[in-house]
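Each chain is listed here by its residues.
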Amino acid sequence: MMRNKLVFSILTSIILGLWSPVSSYETTLGGCMRFLPYDSSSGTRLLRTAAGTETTSTTGGYIGAAVDYIMLSYAHPFSETVSIQLDQTYTSDTRSTPRFGSDINAQRNTSASLFNGQNWENAKIIYRLPGGCLLSTGIMRLKLTWDYGDFLSWKDSIMETKFSSLADNAVSDSGLELKKSFEVSGIKLPATVQIVNGASNHLDTNQNIGWLVKLEPEAMGVKWGMTYFNNRRSNGVDDDIRYSLGAEVTHGPIYFRSECLASFQANGRSIQQTASVTSKNAYTSAKTSSTDLARTTGYNAVLKYSLSDQLNLIANYACVWINNINGGYAFNADDARETYIDFACSLQYYLDRNIMIMCTLENSNYTRNDSLLPTNIKDGGTYAYENLAFNRLILGTRISF
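Asks: Before we move on, can you summarise the overall build of the protein chain with the specific residues and values?
Replies: Looking only at helices and strands, the protein chain has 5 helices and 18 strands in total. Counting every position in the protein chain, which comprises 401 residues, the buried fraction comes to 45%. In the protein chain, of all internal contacts separated by at least 6 residues, the share reaching a separation of at least 24 is 61%. Looking at the protein chain as shown, the accessible area adds up to about 19200 Å², and 59% of this sits on carbon and sulfur atoms.

Okay, here's the thing in structure tokens:
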């Protein structure tokens, strides 16, 4: 299997390389890599039963290391109007990010895949149309937020907050994208429209079309981002609606960016009226047809101060609220909820414009409330509340080429 993936990547490189002699346009190969030689987390996990019995465990000292992100980017212009871009990614995990269901230093592993043919965040053909329009078709990041759609989280941090990695935010899909910049009453107004399959960049599992509109007006030194995304769910009735609002400003050595994101799925949660089940199978079989709104909301803020051309101080704050855990089932409107709060301070030093060293100290607090947490039965019972409060120290390098 791995051999097939490597062959696929090599053939891709050869084909791209063969394009260059056909015309005067050259194929370019670039990308980026992130290496974390030191990633340590420590903190306390608290479990509470519905009756109020609490169990705590304080652990620390776990140190992980990994090349946790590689992106290879191929680009080739066929002419003045047609070009192609392919971005292939590799991800892994230091296992130092605490997750629900385990103690701080006993995290579940995340598998890594190298040069997997499905690991495409961008794979598209780009057409330059008359009037300054850009039309792209293929696989692309949804521009729900700058944090993921414009890849800004890569520039700001060596770690990813829950906002950056949130499934409702970090979405890659396949379809069409049209970009054009307007000017209205002296105000620049870049606009993006994306029409996608609404499921993933591989399969259309909902058999419906999703569409996104993003406006980014720039006025008085402030860049605004306003996004609306609508995707009909697989039942053909209810919509998956997401929207975001953001602001970005640079004033001298100070850079500030903030965005909020909200996601709503009508009838996305099933409500179980009685709490008399003690296992996941019994819970699933006993569910009723009562439903309510599944929702996710998130917020982030990034503040950067440039001490020099090479040295930056960065503060990053993010909050995320989710009410759709445990397979989408809940006993009441306040059940099955998760809250993620991340605060990080970083020192960023550039050896040159392509090589950066960064040290980050993160303080986080993750909480979930659920009348049934079946993943915790191995801990001796079913718990209605779980809290992870931890500190994390990360030293990493980021290389762009």
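Now that the structure is up, let's keep going.
Asks: Outline the environment of Leu176, listing residues and values.
Replies: Mapped onto the secondary structure, Leu176 falls in strand β6 (residues 172-184). Exposure remark for Leu176: the relative accessible area of 41% places this residue in the partly exposed category. In the structure, Leu176 is positioned 35 residues away from Trp211 in sequence and 9.5 Å away in space, judged by C-alpha atoms. Beyond its immediate sequence surroundings of up to four residues, Leu176 is in contact with Ser136, Thr137, Met140, Val193, Gln194 and Ile195.

Asks: Break down the environment of Met358 for me, citing the residues and quoting the values.
Replies: As for its position among the elements, Met358 is in strand β17 (residues 355-369). C-alpha of Met358 to C-alpha of Leu347: the two residues are 11 residues apart in sequence and 5.6 Å apart in space. In contact with Met358, other than residues within four places in its own chain, are Asp156, Ser157, Ile158, Ile314, Ser346, Leu347, Gln348, Ile394, Leu395 and Gly396.

Asks: Now, about the packing of aromatic side chains: what can you tell me, with residues and values included?
Replies: Under the definition given, this model contains 6 aromatic pairs. Ring centres 4.7 Å apart and planes at 65° place the aromatic pair Tyr340 and Tyr366 in the edge-to-face group. With Tyr340 in strand β16 (residues 337-352) and Tyr366 in strand β17, this pair connects stretches of sequence that are 26 residues apart. Here Tyr366 falls in the buried class, since its relative accessible area comes to 7%. Measuring from ring centre to ring centre gives 5.2 Å for Tyr366 and Phe390, while their planes differ by 85°; the resulting arrangement is edge-to-face. Highlighted residues: Tyr366 in strand β17 and Phe390 in strand β18 (residues 385-400), separated in sequence by 24 residues. As far as the burial class goes, Tyr366 and Phe390 line up, both buried. Grouping aromatic residues by their ring pairs yields a cluster made of Phe100, Tyr340, Tyr366 and Phe390. Across the ring face of Tyr148, the terminal group of Arg141 is positioned such that the distance to the ring centre comes to 5.9 Å. One cation-aromatic arrangement involves Lys162 over Tyr340; the distance from NZ or CZ to the ring centre is 4.7 Å.

Asks: Requested: an account of the nonpolar core, with residues and values cited.
Replies: Val320, Ile322, Tyr340, Tyr366 and Leu388 are the most contacted members of the largest nonpolar core, which totals 14 residues. Within the residue set of this core, elements represented by two or more residues are β14 (311-322) and β18. No other element matches β14, which puts 3 residues into this core. In this structure Tyr366 touches Pro98, Phe100, Thr339, Tyr340, Ile341, Asp342, Glu386, Asn387, Leu388 and Phe390, once residues within four positions along its chain are discounted.

Asks: Outline the side chain of Glu216, listing residues and values.
Replies: Within the secondary structure, Glu216 is located in the loop between β8 (210-215) and β9 (218-219). Judged by its relative accessible area of 5%, Glu216 falls in the buried class. A polar side-chain atom of Glu216 sits 2.7 Å from a polar atom in the side chain of Trp146. With sequence-adjacent residues up to four places away left out, Glu216 is seen in contact with Lys143, Trp146, Asp150, Lys188, Leu189, Pro190, Thr192, Lys223, Trp224 and Gly225.

Asks: Give a detailed account of the pairing of β18, specifying residues and quantitative values.
Replies: As judged from the 15 bridges shared by strand β1 (residues 28-48) and β18, these two strands associate in the antiparallel manner. Bridged to Ser42 within β18 is Asn391. Across 15 bridges, β17 lies against β18 in antiparallel orientation. Across the sheet, residue Thr360 finds its bridge partner in β18, namely Ile394.

Asks: I'd like to hear about the environment of Asp335, residue by residue, with values.
Replies: Within the fold, Asp335 resides in the loop between β15 (329-330) and β16. Expressed as a C-alpha distance, the spacing of Asp335 and Asn324, which sit 11 residues apart in the sequence, is 8.8 Å.

Asks: Run through the confidence of the model for the protein chain, naming residues and quoting values.
Replies: This prediction gives the protein chain a mean pLDDT of 80; 77% of its residues lie at or above 70. Across the protein chain, element-level confidence peaks in β14 with a mean pLDDT of 95 and bottoms out in helix α1 (residues 2-19) with 47. Here residues 1-7 is a poorly scored stretch, pLDDT under 50, and it has 5 contacts once near neighbours within four places are set aside; other chains count. A low-confidence stretch, residues 374-381 (pLDDT under 50), is modelled with 15 contacts involving residues beyond four sequence positions or located in other chains.

Asks: So what's going on with the side chain of Lys304? Residues and values would help.
Replies: With respect to the helices and strands, Lys304 occurs in strand β13 (residues 291-306). Its relative accessible area of 18% is what places Lys304 among the buried residues. Leaving out residues up to four positions away in the same chain, Lys304 has contacts with Asp156, Pro253, Ile254, Tyr255, Asn312, Leu313, Ile314 and Gln348.

Quick notes on the rules
- Residues numbered from 1 in each chain as written.
- Predicted model: local features only at pLDDT ≥ 70, side-chain atom pairs only at ≥ 80, totals over all residues.
- Heavy atoms only, no water.
- Helix = DSSP H or I, 4+ residues; strand = E, 2+ residues; numbered from the N terminus.
- Buried < 20%, exposed > 50% of the residue type's maximum accessible area, 1.4 Å probe, protein only.
- Contact = heavy atoms within 4.5 Å.
- Areas by Shrake-Rupley, 256 points an atom, 1.4 Å probe, with all protein chains shown as cover.
- Phe/Tyr/Trp six-rings, centres within 6.5 Å; stacked < 30°, edge-to-face > 60°.
- Lys NZ or Arg CZ within 6 Å of the ring centre and 35° of its normal.
- Core = buried A, V, L, I, M, F, W, Y, C linked by side-chain atoms within 4.5 Å.
- Polar contact = N/O pair within 3.5 Å; in protein donor to acceptor, adjacent residues only side chain to side chain.
- Pairing = 2+ DSSP bridges.
- pLDDT = per-residue confidence, 0-100.

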